[in-house]
Structure formats: structure tokens, C-alpha cells
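Report on the structure
Read off the chains here:
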Amino acid sequence: MTEVRVAPVEAAERGDRPQGVSALARDALIYGSTRVLVKSLAFILVPVYAHFLAPSAFGVLELVLATIAFVDVLITANMDGVLARFYFEKTEPAWRRQVITLYLAIEAAYPALLVGGFILFAGPLSEGIVGEAGYAALFVIALVDVYLSNVVDLPLILCRVRRKPVTFAAYTLTRGLVQVVLTVLLVAVWHLGVKGILIASLAAVCVAFVVTLREYVRDLTRRIEWKVGREMVAFAWPGIIGGLAFYGLNLVDRFFVTHYHGLADNGLYGAAFRFSQVVLVAVFAFRLGWTQWHYSWLHSGHHERMVARGANYYFFATGFLTVALAAWILPVFHLLMPERYWPATPAVAPLAIAAMAAGAYTIFAVGFNVTKRMRRIPPLTMTAAAIAIGLYFLLIPPFSFVGAAWATATAFAGLVVLVWIFSRRLYPVPWDWRRIGLAVGLTAGLALASLAADEWLDFEVSLPLRFAITAAYPLGLVALGFFPPADLARIRALRPGRLLSP
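To start, this report covers the structure provided alongside it. The structure presented is a predicted model; accordingly, all values stated were derived computationally and were not measured.

What follows deals with the pattern of salt bridges. Scanning the model with the defined rule gives nine salt bridges in all. With a shortest N-O distance of 3.2 Å, Arg254 and Asp253 are connected by a salt bridge. Between Arg466 and Asp454 there is a salt bridge, with its nearest N and O atoms 2.8 Å apart. Here Asp454 lies in helix α17 (residues 433–456) and Arg466 lies in helix α18 (residues 459–479), a separation of 12 residues in the sequence. Accessibility assignment for this pair places Arg466 and Asp454 in one class, buried.

Turning our eyes to something else, we now look at the layout of surface pockets. Size it by volume and the second largest pocket reaches roughly 400 Å³. Elements supplying a minimum of two residues to the lining of the second largest pocket: α14 (348–364), α16 (377–426) and α17. Sorting elements by how many residues they give to the lining of the second largest pocket places α16 first, with seven residues. When its residues are assigned to classes, the lining of the second largest pocket shows 16 nonpolar, three polar and no charged.

So, on to a nonpolar patch on the surface. Together, Val181, Leu185, Val189, Trp190, Leu192 and Ile199 line one region of the surface with nonpolar side chains, adding up to about 510 Å² of accessible area. Among the structural elements, Val189 can be located in helix α8 (residues 165–189).

The next subject is the packing of helix α7 (residues 136–161) against helix α9 (residues 193–211). Think of two packed helices as two axes; the pair is described by the angle between the axes and how far apart they sit. Following both chains from N to C, one finds α7 and α9 inclined at 25°, their axes separated by 9 Å at the closest point. It follows from the interaxial angle that α7 and α9 lie roughly parallel. The interaxial crossing formed by α7 with α9 has left-handed handedness. Between α7 and α9, the residues in contact are Ala137, Leu138, Ile141, Ala142, Val144, Asp145, Leu148, Ser149, Val151 and Val152 and Val194, Lys195, Leu198, Ile199, Ser201, Leu202, Val205, Cys206, Ala208 and Phe209, respectively. Taken together, the residues of the contact of α7 with α9 break down into 16 nonpolar, two polar and two charged.

Cut-off values and rules
Residue numbers run consecutively from 1 along every chain, following the written order of its sequence. The model is predicted, so local features are restricted to residues of pLDDT at least 70 and side-chain atom pairs to those at 80 or more, both for listing and for counting; the totals for chains, interfaces and linings are taken over all residues. As a convention, hydrogens and water are excluded, and side-chain values are obtained from all of the structure's heavy atoms. For salt bridges, the criterion is a side-chain nitrogen of Lys or Arg within 4 Å of an Asp or Glu carboxyl oxygen. Going along the chain from the N terminus, every DSSP run of H or I of four or more residues is numbered as a helix, and every run of E of two or more is numbered as a strand. Relative accessibility thresholds used throughout: buried, under 20% of the residue-type maximum; exposed, over 50%; partly exposed, between the two (1.4 Å probe, protein chains only). Site definitions follow a grid-based scheme: protein atoms alone, a 1 Å grid, a 1.4 Å probe that fits but cannot get out for cavities, and for pockets an open set with protein on both sides within 12 Å along at least five of seven lines, plus lining residues having an atom within 4 Å of a point. Grid points are joined across faces, edges and corners, and a volume is the space filled by probe spheres set on the points. Gly counts as polar in this scheme, as do all residues outside two lists: the nonpolar Ala, Val, Leu, Ile, Met, Phe, Trp, Tyr, Cys and Pro, and the charged Asp, Glu, Lys and Arg. Patches here: salt-bridge-free residues with over 30% relative accessible area, like charges joined within 9 Å, nonpolar side chains (Val, Leu, Ile, Met, Phe, Trp, Tyr) joined within 5 Å. For accessible areas, the Shrake-Rupley method is used with a probe of radius 1.4 Å. Any residue's cover is judged against the shown protein chains and nothing else. Helix axes use the C-alpha atoms of the stretch in contact, all axes being lines fitted to C-alpha atoms, and the angles between their N-to-C directions lie in the range 0 to 180 degrees. Geometric relationships in this document are graded by angle, where less than 35 degrees denotes roughly parallel, more than 145 denotes roughly antiparallel, 65 to 115 denotes roughly perpendicular, and other angles denote oblique. Left-handed is the label given to a crossing in which the near helix is rotated counterclockwise from the far helix by less than a right angle, and right-handed is the label when the rotation is clockwise. Contacts are assigned to residue pairs with any non-hydrogen atoms lying within 4.5 Å of each other.

Pasting the structure below:
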């Protein structure tokens, strides 16, 4: 598909027009195809890691990345959501240039102070997290990486709000390809281990920083109102609390697993998490299209109805990926991974369900975003994080990383319920609970059936059943009436070229 170059303001105005569900699907497909391609290359790296890193070394990598993710929470602070919300506040070019400039100023200054402080104490940080000060260099490399990644987020967000998915794809693929090539060289050829993985990531983000400058440099202005900056910060700061809660939901379990069962089990958990990202990629793709899509309907009088329609197909798509991943993860591990990593497979299905729930949170939180009641979110996310940590204490000692995976899935499901309960009071949406319930129920049931096949059936005997489980999801939804006749007619009428056209 050829992308037409337009001026930033013209592109932004094009993105302001309400778009149908097919537009959401188109953007998510393009974003998702990019993420799938990059992640497919990244999945190639997982067996490389597995062949050149022992599970204990993989466990060290997981601890470094989990620590850096904590820093990322503190410096990101939901600023991507802030930029989109304020960008669509007005259509005047001067307003949008001001928002872009303020975003860059905030995200360049505050994170520099925070990351600099962590770098100064990298030695004690390494000793406290991993147990040895000798890993300090790994933390320094990763900290510089996360700072630059935070700045590179700006042009990528602008591509989304301006509806430039092809440009977004080009930037993302450039970074991904550089990282993959360098990782193979540094790990497989020069045998730098975990340090090579982190250096490759840092080099890739440096390339992305240079390549993406063109996307926003001409939008920077000296005429800014710091009052607007304070409003942006006020909108963002609850995101830090919410982000810390999500950190508790997503990453604290690595430290629990290491404490109770050691670095090797933590490495197995890291391998399982990376394969569960098949579903997470779809969730990210949906999020990349979701924000500007639903905001484009905000003043149309049909926003609530369109949000509900988008939700139905989110649950259908991510449910199918979850079922397929759960059904085929054991054969994939047998094909790609060394045998010492095969015990990781039981954690993949619950982690995939957790990823599906994370996207559902984004959908049901729409009321908080639309009404700018972001301060209502932190108590809910903190409650879910407390549930997760309680479940970690309960499930990780006896079940190791598999218990961690189910604790994460349960806590995310609880968060979704809490957010729906409180969001509907602010902004009622006519959710189609019958269709959502069909998709979620069938997903959970077939994922459990896949786990039972992994546990109780011989590998060769289970293959026909895996095909049946995968096919049962879409066929079951059709038989149960998930797709209304009108939607089925629209799906039959869609041609691939029509779906991808602007």
C-alpha cells in the first residue's frame, strides 16, 4: 500500500473524522502486522537465547528487565495517553504544536534526572537485585536504553494520532531489524551473553532516535503555556500509581519466583512469557488503533455504541489467538527449544489469558479517559496489584512460575471487573454481554482443554485433538450466534484490498 505524504495538520484532521469498525480493524491489522513481523524476528531470538544462555542466565536477564520496567513506569507515567488526549482537545495547529513541545520537554527532563540517579547507584542496585555487584554494567546499558526509548515514543505516538500506520511500521521495523541482526552477532557469534542482548537493544533505539527525528522536529515551538504543561502532568501522574500497580501485576512475580525457586525457574518463566506475547502483540496492535479510533467518535453521538461494537471483535480476535497458542505451544517448544526449556509450557496459556484481560482493561476504562477521571483508576489498579501479590505468596511457593502465571491471570481478570463496575457509573456503554461472555467462556474452556491434553495425552496422539480445539473456537462462536447476520454479511463483503485502503 502506498502512503500519501500530507502535512502534519492535514494528517491530523484526517484522523479526526469518525471511522467505522473496519477502520479500527485496518489500523490494528497494519500495526499488528508490523508487531507480528518484529515479534516473529524476536521469537527467532528466543531459541537463540535458549541455545546460548543457561536458564540461570536467562533468569538474570529477566531480573534486569523487570527492574528497568519499574524505572520505565516512573518515567512514562501514562504520557502516551496524555499526548493523545490533549492532542485531540483542539484542532488548531498552534495548540497541537504546543502539546507536542510540552510532551518532549517533560519526557526529556524529568526522566534524565531519574535515570541518572539510578545509574549512579548501579552497583548497589545490581547487588541488591541479582546478589552480585558485577552485573552493574547490565543495568547501566538498560537504563540508557529505557531513557532513549521514552523519547522515541513521541514520533511513534504522532504516527498513530495522525493516522500514518505505514510510517509507523517503517520506524518500528527499522528498529526491530537492527536489534535482531545485532543480537545474533553479539550473542551467537561474539558470545557476549546477556550483555550482548542489552547492547543490541540500545544500539537499535539509538538508530530509531535518529531516524524518527524528522517526525516532530518541525512541530516544536517556543510559544508554550506552562499552564497546559501542568494540566498534562496532572492528567498523567495517576498513571504512575496505576503503572506501579500494573508492575505488581506483570513483573513482581519474577522476584518471587527467583526468591522461592531460583534463577533457573525464573528463566523458564521468561521463556514462557515471551511466547505468550503472541497474544500481547495483538493487544498492543489493538491499543495502537483504539485510542484515535474511539476518540474520533467522541462528538458524533455514536461513541458509546461504537465502543461496544469494537469490544465484541476485540474479544473474538484475542480469544482465537489465545486458544491457538494454548493448543500448539507444546509442539512449538518441542520443535524450537532445547529440552531443558520444555517445562515452561504450562505457564503460556494463563499468561496469554492475562494478556487478553489487559486489553479488556483498556476497553472498559474508556469512561475514565473520556471524562478525564483518571484519579479514579489508581485505587482500582492498586487493589488488583494487592490481589496479585497475595496470590504470589499463595501460589508461587508450591507451584513456582506456573502458580505465578495463574496468579497474574486471576488478578487481571479481577481488575477488569473492578474497572467495568466503576467506569459504567461515569460513562455508560451498552456492552453486548452475551457475545462477550460467549467469546471469553469458550476461550477459557478450550485453553483448559489444551492444558489437559498437554498433561494427559501422548504428544503424537494429541495432535488431532489440537486441530479440533483450534477449529472449535470460530465454529463454536458461529454456531452459538456470536456473529449477527448483518455482521456476517459485512464480513463476506469485505475484500482484503478494501480492508487495507484508507
